[in-house]
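Now for the letters of each chain:
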Amino acid sequence: MTYFFETYQQVVQVIEEQQNRPRYFKKSKDVGELMKEPSTLENFITILSGEDEGHNLSFTEEERQIAQEFFQYNNYYNFSIFPKLLPCQGDKYSYTDALRIYQIDEFLRREIHYFTSRIEKWIKTSVAYHLSHIYESTEYAKAECYLDPALYNSRKTYLETMESFSEALHKSKEPFIEHHFKQRNGCIPIWVLVEELTFGQVDTFLSVLNTDYRNEWSDRVFGRENRKFVLSWISVSRYLRNISAHHSRFYGKKYIVLPRLKKEDMKQYGVTNGDKNTLFVALLVLKSLLSFHSLQVQSEWNLFMDNLEEIFNDNTEIINYPLNGLRENWKNALVIAIDPTNKD
């Protein structure tokens, strides 16, 4: 493998032995497991109509036709959870009710994807801009501050980060990376580097920075009062970005990347530590980050909240508010109070 950084010569690659890796794919006959037979479109409807698997949906003839067409283009396995997310499992809901929840989830995914993408782009921009201006050294130029071991919290994290960055550039097919490699002797400014890093790599980079550098960056972008919360908020945003990118579910999900929240916010909005895995808290984290973004993006976020409120009000009988951590004041908690004197 070719690496771009001369300073990377000391990096040692640690490769996990093949026999120690878990084997995820197993042949059913080898382990005595009975695999299900593939189902037909009509059988999907039969399963959804029954109570055995907790679906219990009713179907009109028109809904049967709609469902058969729907399952030609949408995975039944992906859809099958949505009937179970309706408020009262003892009630008889229609296929249309479950489909509407599925569509609400799609709306959430589109919007969250948009806002987490804006956050990703903004965080990359702020890291490149502020670190290159904060950094001072007689050994490295400001634009190559990320090459300095003193920027990191340990030698180990420095070497691991160099390995990660080098791999990203090695895999890149972007003309601007090739230009810097061939025409700039492999000297890559940080504002060029961040364009090829994933959100995860930038998140990890922030987490392993020397505390002084990280705090200075955080204070400039989010204010000193948010210093101890920002990294967890960014990790949640990254997690939500990945969920949306993989077309996974948001509605009724129990999230596994949990944020640090201000005690006053938890008290004001009635959030406990056990509620941090809900949709409401995920949205609260995005709102907290976007409160420091541009007026345009803040206005777009508030429009998202308006539209979400309208959707919930139009479908209130099928919305499971507690499952999503939503209380009566959910919208007031999630709307950004825009400062009209802020001119970006």
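Summarised in this report is the structure supplied together with it. Just so it is clear, the structure is predicted and the values come from calculations on it, not from any experiment. (Residues numbered from 1 in each chain as written. Predicted model: local features only at pLDDT ≥ 70, side-chain atom pairs only at ≥ 80, totals over all residues. Heavy atoms only, no water.)

Digging into the overall build of the chain
To keep it simple, the criterion reads: The secondary structure listing takes helices from DSSP runs of H or I that are at least 4 residues long and strands from runs of E that are at least 2 residues long, numbered from the N terminus. Summary of the burial criterion: residues with accessible area below 20% of their type's maximum are buried, those above 50% are exposed, and those between are partly exposed, where the area comes from a 1.4 Å probe applied to protein chains only. Residue contacts are counted whenever heavy atoms from the two residues lie within 4.5 Å of one another. Where accessible areas are quoted, they stem from the Shrake-Rupley method and a 1.4 Å probe; at the residue level, only the protein chains shown are allowed to cover.
Summing up its helical and strand segments, the chain has 15 helices and two strands in all. Out of the 344 residues belonging to the chain, those deemed buried represent 46%. Across the chain, contacts joining residues at least 24 apart in sequence account for 69% of those joining residues at least 6 apart. Working note: accessible area of the chain is about 19,400 Å², and carbon and sulfur atoms make up 49% of it.

Overview of the nonpolar core
Applicable threshold: Working definition of a nonpolar core: buried Ala, Val, Leu, Ile, Met, Phe, Trp, Tyr and Cys residues. They are joined through side-chain atoms within 4.5 Å.
Among the nonpolar cores identified, the biggest contains 101 residues, and I123, Y146, L240 and F280 are the most heavily contacted of them. Of all the elements, helix α5 (residues 95-134) adds the most residues to this core, at 17 residues. Beyond its immediate chain neighbours, meaning those up to four positions away, F280 contacts Y269, V271, N324, G325, L326, W330, A333 and L334.

A short note on unusual backbone geometry
Phi is positive for H247, close to 55 degrees, though the residue is something other than glycine. Along the polypeptide, H247 turns up in the loop between α11 (230-245) and α12 (263-269). Judged by its relative accessible area of 57%, H247 is exposed.

Describing the packing of helix α2 (residues 41-49) against helix α3 (residues 61-73)
This is how the line gets drawn: Only C-alpha atoms enter the line fits that serve as axes; for helices the fit covers just the stretch in contact. Angles between N-to-C directions range over 0 to 180 degrees. Small angles under 35 degrees read as roughly parallel and large ones over 145 as roughly antiparallel, with 65 to 115 read as roughly perpendicular and the rest as oblique. For any helix crossing, the convention is left-handed if the near helix is rotated counterclockwise from the far helix by under a right angle, and right-handed if that rotation is clockwise. Each residue receives one of three labels: charged for Asp, Glu, Lys and Arg, nonpolar for Ala, Val, Leu, Ile, Met, Phe, Trp, Tyr, Cys and Pro, and polar for the others, Gly being one of them.
Packing of α2 against α3 leaves a shortest axis separation of 9 Å and a crossing angle of 120 degrees. As judged from the angle between their axes, α2 and α3 are oblique. For the crossing formed where α2 meets α3, the hand is right-handed. Listed contacts from α3 to L41, E42, F44, I45 and L48 of α2 are R64, A67, Q68, F71 and Q72. For the contact of α2 with α3, a count of residues per class yields six nonpolar, two polar and two charged.

Let's talk about the pattern of salt bridges
Short version of the rule: What makes a salt bridge here is a side-chain nitrogen of Lys or Arg within 4 Å of a carboxyl oxygen of Asp or Glu, nothing more.
Under the counting rule described, the total for this entry stands at 15 salt bridges. Between R109 and D105 there is a salt bridge whose closest N-O contact spans 2.6 Å. Pair noted here: R109 and D105 are both in helix α5, with a separation of four residues, about one helical turn. Pair check on accessibility: R109 and D105 agree, each one buried. We note a salt bridge from E120 to K124, for which the minimum N-O separation is 3.2 Å. Highlighted residues: E120 and K124, both in helix α5, separated by four residues, approximately one helical turn. In this pair, the class of E120 matches that of K124, namely buried. Because the salt bridges share partners, they merge into one network encompassing E120, K124 and R241.

Topic: the environment of L334
In this fold, L334 is placed in helix α15 (residues 330-334). The class of L334 is buried, set by a relative accessible area of 0%. Sequence-distant contacts of L334, that is, excluding residues within four places in its chain, are made with F280, L283, L284, K287, W301 and M305.

Section: the packing of aromatic side chains
Spelled out, the test is: Aromatic pairing here means that ring centres of Phe, Tyr or Trp (its six-membered ring) are within 6.5 Å. Orientation follows from the plane angle: under 30 degrees is stacked, over 60 is edge-to-face, and everything else is tilted.
Under the counting rule described, the total for this entry stands at 30 aromatic pairs. Ring centres of Y135 and Y213 lie 6.2 Å apart, and the angle between their planes is 35 degrees; on these two criteria the pair is classed as tilted. Here the residue Y135 occupies a position in the loop between α5 and α6 (155-171), and Y213 occupies one in helix α10 (residues 211-222), the gap between them amounting to 78 residues. Both residues of the pair, Y135 and Y213, count as buried. Judged by centre distance (5.5 Å) and plane angle (75 degrees), the ring pair of F222 and F292 falls under edge-to-face. Of this pair, F222 sits in helix α10 while F292 sits in the loop between α13 (279-290) and α14 (295-314); the two residues are 70 residues apart in sequence, bridging distant segments of the chain. An aromatic cluster is defined as three or more aromatic residues linked by ring pairs; in this entry it consists of F44, F59, F70, F71, Y76, F79, F82, Y95 and Y102.

A short note on α3
Counted only if it meets this: Read the arc as the range of directions from the helix axis to the C-beta atoms.
Among all positions in α3, only E63, A67, F70 and F71 are buried. Each buried residue of α3 lies within a common arc of 90 degrees when the element is viewed along its axis, so the set occupies one face. Away from the buried face of α3 by more than 90 degrees, exposed residues E61, E62, Q65, Q72 and Y73 are located. In this structure, the buried side of α3 is in contact with α2, β1 (57-58), α4 (76-79), β2 (93-94) and α5.

Description of the environment of D212
Considering the arrangement of structural elements, one finds D212 in helix α10. Under the relative-accessibility criterion, D212 is labelled exposed at 59%. In this structure the C-alpha to C-alpha distance between D212 and N153, which are 59 residues apart in sequence, comes to 9.7 Å.

Some remarks on the environment of T116
Test applied: Under this definition, polar contacts are N or O atom pairs within 3.5 Å; protein pairs additionally need one hydrogen-donor-capable and one acceptor-capable atom, and for neighbouring residues in sequence, both atoms have to be side-chain atoms.
Here T116 is to be found in helix α5. You can call T116 buried: its relative accessible area is 0%. Sequence separation between T116 and L289 is 173 residues, and the spatial gap between their C-alpha atoms is 9.8 Å. With residues up to four places along the chain from it excluded, the contact list for T116 reads F199, S237, L240, R241, S244 and L286. Here the side chain of T116 touches I112 through a polar contact of 2.7 Å, landing on its backbone oxygen.

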